[in-house]
Amino acid sequence: MLGGGGLTGAAWLTGVLAAFEAARIPLGTADLVLGTSAGSVVGTQVVGGRSFAKQYRFLGAERVPARELLVRLYRAAPKPSPDVLEQLGAQLLDAPTSTEASRAIEGRAALAADTMPWPVWVALVALYLRRLRWPSPALAITAVDAQSGRLRVFRASDRVHVAQAVAASSAVPQFFPPVRIQGGRYMDGGTRSVTNADLAAAYDLVLLFIDHRALPGGMGPLSRAALDAEIEGLRAGGATVIEVSPDDASPGRARRPRGAGPQPARAVGAGRAGAGRGRGGAGRGGAGGMRVTVGAESCARTL
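Everything numeric here is computed off the predicted structure, so don't read it as measured data.

Visitor: I keep staring at the overall build of the protein and nothing clicks. Help me out?
Guide: The number of helices and strands found in the protein is 11 helices and eight strands. In the protein, which comprises 303 residues, the proportion classed as buried is 53%. A sequence separation of at least 24 residues applies to 73% of the contacts in the protein between residues at least 6 apart. With an accessible surface of roughly 13,200 Å², the protein has 55% of that area assigned to carbon and sulfur atoms.

What follows is the structure in structure tokens.
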């Protein structure tokens, strides 16, 4: 399960998975690889056989023309006002539990926002992913219908271009446009949950990657309380859950100011922090919420 955390979140996950790859942990052979928001980008790479060692070098290189182009295009796109960012942060962190009704309200705002055209957003995602076909039946990508607020999980059987599904799952409301798929408009799967981990209820072992420190306060989809409720639900059903997430000292994943939005300039530091974390930092795992050491070596022993 790969959670959302924006551009820096994808970079942090890349660093973590480069360390897991070095430890020869075959995450691409999992029965289910579920990606939400930034996690959908990385999940597509996991099942597609992308080398995370190469991707990590891509992050750390001084000058990468493709990366610089993507950052320039992002910076040139329309952005929401500071007031809108503050309101969005409150919805995702401090609001009560996310519901279809609350997500439909977010969706209406997303559909009305001044953003880039959705085909341009899909093209940018496709440029980064370098693929259109669905890479594996194991991949599942979450998104939310911007009109109804209902969750949709895209799979290979839906016959959707993977870049469309990833762009929809990563379409942060009012930053990026809801993506048209099969007659609907879909936005960020993280508006329901940062991980949508409850969808793994049928599995015995769940490896949960959280690419930011979930924050206290409220039951919004990015809150620590919402994440803990999902983990407790999985454990109550008999699953072993291992959480891999940043510690308090991770410099690349420090607490983001409320409403800061995606921050591409922090991606390199986030990638380095993720690599260090993946090699053996402290996470959350075990039963009953007990905190244990979770890095590549300890995960390898469990898997």
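Visitor: So what exactly am I meant to see when it comes to the packing of aromatic side chains here?
Guide: Each aromatic ring pair is specified by the distance between its two centres and by the angle formed by the two planes. This model, assessed by the stated rule, comprises four aromatic pairs. Judged by centre distance (4.0 Å) and plane angle (5 degrees), the rings of tryptophan 121 and phenylalanine 176 are stacked. In this pair, tryptophan 121 is assigned in helix H7 (residues 118-129) and phenylalanine 176 in the loop between helix H8 (162-169) and strand E4 (179-181), connecting sequence segments 55 residues apart. Among the residues examined, tryptophan 121 registers a relative accessible area of 10% and is labelled buried. On the accessibility criterion, phenylalanine 176 (6% relative accessible area) is buried. On the basis of an interplanar angle of 80 degrees and a centroid distance of 5.3 Å, the ring pair of phenylalanine 154 and tyrosine 186 is categorised as edge-to-face. Pair noted here: phenylalanine 154 is in strand E3 (residues 151-154) and tyrosine 186 is in strand E5 (residues 184-188), with a separation of 32 residues, a long-range link. This pair shows no difference in class: phenylalanine 154 is buried, exactly as tyrosine 186 is.

Visitor: Looking at this structure, how should I read unusual backbone geometry?
Guide: A positive phi angle is found at glutamine 174, which is not glycine, with a value near 75 degrees. Assessed through its relative accessible area of 17%, glutamine 174 is described here as buried. In this structure, asparagine 196 takes a positive phi of about 55 degrees despite not being glycine. You can see asparagine 196 is positioned in the loop between E5 and strand E6 (205-209).

Visitor: Where do I start with helix H1 (residues 6-22) in this structure?
Guide: For the α-helix, the turn length of 3.6 residues means that residues three or four positions removed from each other point alike. With 17 residues, H1 should cover 24 Å at 1.5 Å per step; its first-to-last C-alpha distance of 25 Å lies within 8% of that length. Burial analysis of H1 places 13 of its 17 residues in the buried class, which makes it a mostly covered element. Of the residues one or two after H1, arginine 24 is the one with positive phi, at around 60 degrees.

Visitor: Help me out: how do you make sense of the pattern of salt bridges in this one?
Guide: Two side chains bearing opposite charge may form a pair once their charged atoms approach each other closely. Inspection of every chain in the model, using the stated rule, returns four salt bridges. Between arginine 192 and aspartate 198 there is a salt bridge, with the nearest N and O atoms lying 2.9 Å from each other. We classify arginine 192 as partly exposed; its relative accessible area is 23%. Residue classification places aspartate 198 among the partly exposed residues on the basis of a relative accessible area of 31%.

Visitor: Even after reading the chapter, I still don't get helix H6 (residues 100-112), so can you show me in this structure?
Guide: With 13 residues, H6 should cover 18 Å at 1.5 Å per step; its first-to-last C-alpha distance of 18 Å lies within 8% of that length. Taken residue by residue, H6 has Arg103, Ala104, Glu106, Gly107 and Ala110 as its buried positions. Relative to the axis of H6, the buried residues are bounded by an arc of 165 degrees and lie together on one face. Exposed positions of H6 whose direction lies more than 90 degrees from the buried face are Ala101, Arg108 and Ala112.

Visitor: Sorry, what's going on with the nonpolar core here?
Guide: A general tendency of soluble globular proteins is for nonpolar side chains to be buried together. Counting 57 residues, the largest nonpolar core has Trp121 and Phe209 as its most contacted members. If you tally residues by element for this core, the top one is H1, at eight residues. Judged by nonpolar contacts, the second largest core, of 14 residues, contains Ala197, Ile210, Leu227 and Ala239.

Visitor: Help me understand the packing of H1 against helix H10 (residues 267-278) in this model?
Guide: When two helices pack together, their arrangement is given by the angle between the helix axes and the distance between those axes. One can describe the packing of H1 onto H10 by two numbers: an axis separation of 6 Å at closest approach and a directional angle of 35 degrees. Once H1 is placed against H10, the crossing between them reads as right-handed. Where H1 approaches H10, its residues Thr8, Ala11, Trp12, Gly15, Val16, Ala19 and Phe20 are matched on the opposing element by Ala267, Ala270, Gly271, Ala273, Gly274, Ala275, Arg277 and Gly278. A breakdown of the residues in the contact of H1 with H10 according to their chemical character gives nine nonpolar, five polar and one charged.

Visitor: Where do I start with the side chain of serine 40 in this structure?
Guide: Turning to its location among the elements, serine 40 is positioned in helix H2 (residues 38-47). Among the polar contacts listed, one links the side chain of serine 40 to the backbone oxygen of serine 37, at a separation of 2.6 Å. In this view, serine 40 contacts Gly35, Ile141, Val166, Ser169 and Ser170; residues no more than four positions away in its chain are not counted.

Visitor: Sorry if this is basic, but what is going on with the pairing of E3 here?
Guide: Moving residue by residue along a regular strand, the side chains alternate between the two faces of the sheet. Residues of E3 alternate between two faces, with Arg152 and Phe154 buried on one and Leu151 and Val153 left unburied on the opposite face. Across four bridges, the pairing between strand E2 (residues 139-145) and E3 is antiparallel. Bridging from a neighbouring strand, isoleucine 141 pairs with phenylalanine 154 of E3. Count of turn residues in the E2/E3 antiparallel hairpin: five residues, of which glycine 149 carries a positive phi of about 80 degrees.

Visitor: What's the story with the environment of alanine 19 in this structure? I'm lost.
Guide: By the secondary structure assignment, alanine 19 is in helix H1. Judged by relative accessible area, which is 9%, alanine 19 ranks as buried.

Calculation rules
- Residues numbered from 1 in each chain as written.
- Predicted model: local features only at pLDDT ≥ 70, side-chain atom pairs only at ≥ 80, totals over all residues.
- Heavy atoms only, no water.
- Helix = DSSP H or I, 4+ residues; strand = E, 2+ residues; numbered from the N terminus.
- Buried < 20%, exposed > 50% of the residue type's maximum accessible area, 1.4 Å probe, protein only.
- Contact = heavy atoms within 4.5 Å.
- Areas by Shrake-Rupley, 256 points an atom, 1.4 Å probe, with all protein chains shown as cover.
- Phe/Tyr/Trp six-rings, centres within 6.5 Å; stacked < 30°, edge-to-face > 60°.
- Expected span 1.5 Å × (residues − 1).
- Salt bridge = Lys/Arg side-chain N within 4 Å of Asp/Glu carboxyl O.
- Arc of directions from axis to C-beta.
- Core = buried A, V, L, I, M, F, W, Y, C linked by side-chain atoms within 4.5 Å.
- Axes fitted to C-alpha atoms, helices over the stretch in contact; angles between N-to-C directions.
- Left-handed = near helix turned anticlockwise from the far one by under 90°.
- Nonpolar A, V, L, I, M, F, W, Y, C, P; charged D, E, K, R; others polar.
- Polar contact = N/O pair within 3.5 Å; in protein donor to acceptor, adjacent residues only side chain to side chain.
- Pairing = 2+ DSSP bridges.

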